[in-house]
Structure formats: C-alpha cells, structure tokens
Amino acid sequence: MSADILPIVRTVADLRTQVRAWRAAGLTVAMTPTMGALHEGHLSLVRLARTRAQRVVASIFVNPAQFGPHEDFDRYPRNESGDSALLASAGCDLLYAPDVSQIYPQGYATKVSVSGVSEPLDGAARPGHFDGVATVVAKLLNQAQPDVAVFGEKDFQQLQLIRRLAIDLDLPVEIVGAPIARDADGLALSSRNAYLSAEERAVAGMMNTVLADAATRLKAGDSVEKVEATGRAALERHGFQRVDYFEVRQVGDLSPAGPPPYEGVVRIFAAAHLGQTRLIDNRAV
Ligand code: PAF
C-alpha cells in the first residue's frame, strides 16, 4: 500500500533539506528518536508527536556509544523494513536512518556529559551509558532541529537528562515526555522484552506490580527505606536476579527523596535481570 511507504533519508544534508522545506511551507516539526525494533510504545510516541506538530520525523540509530562493552549492542534487534511500515501506519512522515559515519565521522572527538541527574540509578549501573545517550541526542536534535522532541517515560532518567541537556545547551526544542505503554499484565513495553523466554515473560509483569505496591505503601505512610527494602525483596522473591536498584527519587533531578508528602514529588525506579535480560521500569507516586 503506498500509504505505508515511508520516505527515508540517511544523511544530515538530506534530513535538513526536508526539514527546511517543511519550515518554508510554514509547518512545525516533531522528532521521535529511537533505536528501532519498534513496538506499540514507540508508536504511541509518534502519535503523541503528531498531536504536537504538523510533521513527524522518526530516527532509527542503534547508538554504539550508549552500550557498555559487555552489553547487547551486537544482538540488539534490528528490522528497518518492519519498523518503517509501523512508523508509516502511526502517521510518521519521514524516517532518518543515518549510517554511523553521519553520527560519528572520522576523527569524532566530542562527548556530551550531563552531571547530577545522570549519576544515580542507570548512571551508576551502566557507566558511560548516559554520556552516550546525551551525545547522540544532542547530535540528533541538532541535525534535525525539530520544534518538539518526544521521549518515553519508560526511560524516565533519560527523559530528565534530555530536559536538562536541552536547557543547558539552549537547544530550541520543546522536550515532551510520553506515558509508559504497557502489556495487559503491566509489563512496560521494551525492545528488550523480545529476549525473554516464556517463563521469564510470565514473571516480567511483576515488576510493575511491585512498583505499584511500593507507591501504595509510600502513600500510606511507609518510610522510603522500608519501601525500597520491601520492593527489592519482592522482586527477588518473584524470581528477578541481580536487582540493580529499587529506589525512590525526586521527580525533577532524581536526587534522593526528602521527607513526605511524596505524592507528585517522587517516583520509584527499578532495574533487575531475568536471565540474560535487564528490565527497567518506574512509577509515579
Ligand atoms: O531511548 C532510546 O531509544 C535511546 O536511548 C535514544 C534516546 C534514541 C538515544 O539513542
């Protein structure tokens, strides 16, 4: 179907030509950066982007700089033609799928590092990860120069880091967060869910249940320390291995939670492994 054929550009020059043409026609532009292996969560970002601007460009780039040496860069799922059809069906207007040389050309030497918000949680568990994210996002936003960019709350720490980055570097873009898309059992959608065996998948949804229970306990008056210890133990009891963190943090800069009240002030963050798969999730209180 011709409606499902999405134009693709692979160079910064071609991307900018298209974005400039839209602007010249008086159209606003939203961007949804992704690493591909798209699922309903990504499509919800594209749909939200559509409500915020008249044209939507999605990018697909599996960014080597945000993977650690022993992480899943090589096996990260890649399916450009499937992704392209999904993006078209969600109302995306253009796919930017750069070659690595467009992002990290010969002699590339610059790193963007956001301190503070990037330090706890995944910053501690995945050294270098957020420098890789900040660098590529700064580049993608500068390459496309959209009016709006949409990122999922599934990676809430990443979202807050990108907000900080956009303010600090005076990027003329509005950063918009999109709610977490979940399966029927509550599992937050993620490209990495594809790694789960049937047995692991049956357990995975419990991460959301444990987070929801923690939010309830916090609102009922349990201390942060107690909620964190109970949540960690519950994940282990359900069969999660290596709980990287189960922590209550302030929403804005992810610093440690202060005294109550907590509603609207903190968020609860979890990361743990099921077999070879590392899952993360978070929940508002
Ligand atoms: O969330 C992601 O998919 C990636 O971290 C992002 C923002 C596209 C940067 O590579």
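Because the structure is predicted, anything quoted here is derived from the model rather than measured.

Colleague: Explain the nonpolar core to me, and be specific about the residues and the numbers.
Modeller: By size, the foremost hydrophobic cluster in this structure holds 43 residues, and its most contacted members are Leu15, Tyr96, Val137, Leu141, Leu161 and Ile175. Of all elements in the fold, only helix H1 (12–24), strand S2 (29–34), strand S4 (94–96), helix H6 (129–144), strand S5 (148–152), helix H7 (156–168) and strand S8 (266–274) reach the threshold of two or more residues within this core. Tallying contributions element by element places H6 first for this core, with nine residues.

Colleague: Please set out the packing of aromatic side chains residue by residue, giving values where relevant.
Modeller: Throughout the structure, instances matching the rule amount to five aromatic pairs. Taking the centre distance of 5.4 Å and the plane angle of 70° together, the rings of Phe67 and Phe73 count as edge-to-face. Summarising the aromatic geometry, the rings of Phe156 and Phe269 are spaced 5.9 Å apart at their centres and angled 55° between planes, so their arrangement reads as tilted. Placement of the pair is Phe156 in helix H7 and Phe269 in strand S8, with a sequence separation of 113 residues. Overall, the relative accessible area of 4% leaves Phe269 in the buried class. One aromatic cluster is present, built from ring pairs that chain together Phe61, Tyr104 and Tyr108. Above the plane of the ring of Tyr195 lies Arg75, whose end atom (NZ or CZ) is 4.0 Å from the centre.

Colleague: Please give an account of the packing of H6 against H7 that cites residues and values.
Modeller: Between H6 and H7, whose axes approach to 10 Å, the crossing angle comes to 50°. With respect to their mutual orientation, H6 and H7 come out oblique. Remark: the crossing between H6 and H7 carries right-handed chirality. Across the interface between the two elements, Phe130, Val133, Ala134, Val137 and Ala138 of H6 pack against Gln157, Gln158, Leu161, Ile162 and Leu165 of H7.

Rules behind the numbers
Residues numbered from 1 in each chain as written. Predicted model: local features only at pLDDT ≥ 70, side-chain atom pairs only at ≥ 80, totals over all residues. Heavy atoms only, no water. Core = buried A, V, L, I, M, F, W, Y, C linked by side-chain atoms within 4.5 Å. Buried < 20%, exposed > 50% of the residue type's maximum accessible area, 1.4 Å probe, protein only. Helix = DSSP H or I, 4+ residues; strand = E, 2+ residues; numbered from the N terminus. Phe/Tyr/Trp six-rings, centres within 6.5 Å; stacked < 30°, edge-to-face > 60°. Lys NZ or Arg CZ within 6 Å of the ring centre and 35° of its normal. Axes fitted to C-alpha atoms, helices over the stretch in contact; angles between N-to-C directions. Parallel < 35°, antiparallel > 145°, perpendicular 65-115°, else oblique. Left-handed = near helix turned anticlockwise from the far one by under 90°. Contact = heavy atoms within 4.5 Å.

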